[in-house]
Amino acid sequence: MHDPNTNFATFAHLQELAGSACVPGLRISQMKKSLVRVALLSMMCLTVALLHGQFGAAPVDDPFLWLEEVEGPRALAWVQAENEKTLGLLQSDPRYDRFYRDALTILQAKDRIPSVSLKRQGLETFWQDESHVRGIWRRTTLESYRGQDPRWET
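Residues numbered from 1 in each chain as written. Predicted model: local features only at pLDDT ≥ 70, side-chain atom pairs only at ≥ 80, totals over all residues. Heavy atoms only, no water.

Peer 1: Just to check I follow, could you spell out the overall build of the protein for this structure?
Peer 2: Within the protein, the regular secondary structure consists of five helices and five strands. Listed by position from the N terminus, the elements making up the protein come as α-β-β-α-α-α-β-β-β-α. Residue burial in the protein is summarised as follows: out of 154 residues, 10% are buried. Counting only contacts in the protein whose residues sit at least 6 apart along the sequence, the fraction spanning at least 24 positions is 11%. Accessible area for the protein stands at about 13500 Å²; split by element, carbon and sulfur atoms hold 60% of it. (Helix = DSSP H or I, 4+ residues; strand = E, 2+ residues; numbered from the N terminus. Buried < 20%, exposed > 50% of the residue type's maximum accessible area, 1.4 Å probe, protein only. Contact = heavy atoms within 4.5 Å. Areas by Shrake-Rupley, 256 points an atom, 1.4 Å probe, with all protein chains shown as cover.)

The structure is reproduced here in structure tokens:
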């Protein structure tokens, strides 16, 4: 039996409570068993993941890891070779020149309307132009965006 002078219940007391208390359609002892099963299953999954090194660790045998070094000589050489192959194929299409000119005109237009996403701290967009060739994330308020010349935070 549970000693009222202690701040914790004994396992026997918990079993006694579980056997007497009911939840509609499900006894507490059944709930306890289900919770224990879920906890054990979770622990087993975590153990397996840890043993196999798949918990929060990046695979070491990634054959393209060197591409993450964006300015690295090997990555740049690979990109240049792939670009040459692709450009040759594209330029062999008779429509290439027209498509290239049209796309360039659109991308370099000064009157482009930024496509924005509504976020917690305002409107955000990923913007590319001649000053930001790789692109830049910027944010503004709805009021500023509605104006003629929005003020962007970067």
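This is not the end of the story, as more comes after the structure.
Peer 1: Honestly, the confidence of the model for the protein in this entry has me stumped. Any pointers?
Peer 2: Close inspection of predicted coordinates is inappropriate in any region flagged by low pLDDT. Summary statistics for the protein give a mean pLDDT of 80 and a share of 75% for residues scoring 70 or more. Between the elements of the protein, mean pLDDT differs from a low of 46, seen in strand 1 (residues 22-23), to a high of 95, seen in helix 3 (residues 73-91). (pLDDT = per-residue confidence, 0-100.)

Peer 1: What should I look at first to understand the pattern of salt bridges in this one?
Peer 2: Close approach of charged atoms lets side chains of opposite charge pair. Counted according to the given criterion, the structure contains six salt bridges. For Lys110, the salt bridge identified is with Glu130, shortest N-O distance 2.9 Å. One end of the pair, Lys110, is in the loop between helix 4 (96-108) and strand 3 (117-119); the other, Glu130, is in the loop between strand 4 (122-129) and strand 5 (132-140), with 20 residues separating them in the sequence. Of the charged contacts in the structure, one is a salt bridge between Glu153 and Arg139, with a shortest N-O distance of 3.2 Å. Placement of the pair is Glu153 in the segment after helix 5 (142-146) and Arg139 in strand 5, with a sequence separation of 14 residues. (Salt bridge = Lys/Arg side-chain N within 4 Å of Asp/Glu carboxyl O.)

Peer 1: Explain the side chain of Ser144 here, please?
Peer 2: Looking at the element boundaries, Ser144 is found in helix 5. On the basis of relative accessibility, which here comes to 10%, the residue Ser144 falls in the buried class. If we skip the residues at most four places from it in the chain, Ser144 touches Pro150 and Arg151.

Peer 1: Could you clarify how one ought to interpret the layout of surface pockets in this entry?
Peer 2: If a probe the size of a water molecule is rolled over the atoms, the empty space left behind becomes visible. Reported here for the largest pocket is a volume of approximately 190 Å³. Around the largest pocket, the lining residues are Leu107, Gln108, Ala109, Lys110, Arg112, Pro114, Trp127, Asp129 and Glu130. Residues of the lining of the largest pocket, tallied by class, amount to four nonpolar, one polar and four charged. Put simply, the second largest pocket is a space of about 160 Å³. (1 Å grid on protein atoms, 1.4 Å probe; cavity = no way out; pocket = protein on both sides within 12 Å on 5 of 7 lines; lining within 4 Å. Points joined across faces, edges and corners; volume = space filled by probe spheres on them. Nonpolar A, V, L, I, M, F, W, Y, C, P; charged D, E, K, R; others polar.)

Peer 1: What is the right way to read the packing of aromatic side chains from this model?
Peer 2: Any two aromatic rings considered together are summarised by their centre-to-centre distance and by the angle between their planes. The tally for this structure, following the rule as stated, stands at four aromatic pairs. Each ring, one from Trp66 and one from Trp78, has its centre 6.3 Å from the other, and the planes form 85 degrees; the classification is edge-to-face. Taken as a pair, Trp66 in the loop between helix 2 (28-51) and helix 3 and Trp78 in helix 3 lie far apart in primary sequence, 12 residues in all. Here Tyr145 and Trp152 contribute two aromatic rings whose centre-to-centre distance is 6.4 Å and whose plane-to-plane angle is 75 degrees, an arrangement assigned as edge-to-face. The exposure class assigned to Tyr145 is partly exposed, which follows from its relative accessible area of 23%. (Phe/Tyr/Trp six-rings, centres within 6.5 Å; stacked < 30°, edge-to-face > 60°.)

Peer 1: What exactly am I supposed to notice about the pairing of strand 5 here?
Peer 2: Regular strands show a simple pattern: their side chains alternate between the two faces of the sheet. Direction of pairing for strand 4 relative to strand 5: antiparallel, over a ladder of six bridges. By the bridge assignment, Glu124 is partnered in strand 5 with Arg139. Where strand 4 hands over to strand 5, the hairpin turn is made up of two residues, counted between the paired strands. (Pairing = 2+ DSSP bridges.)

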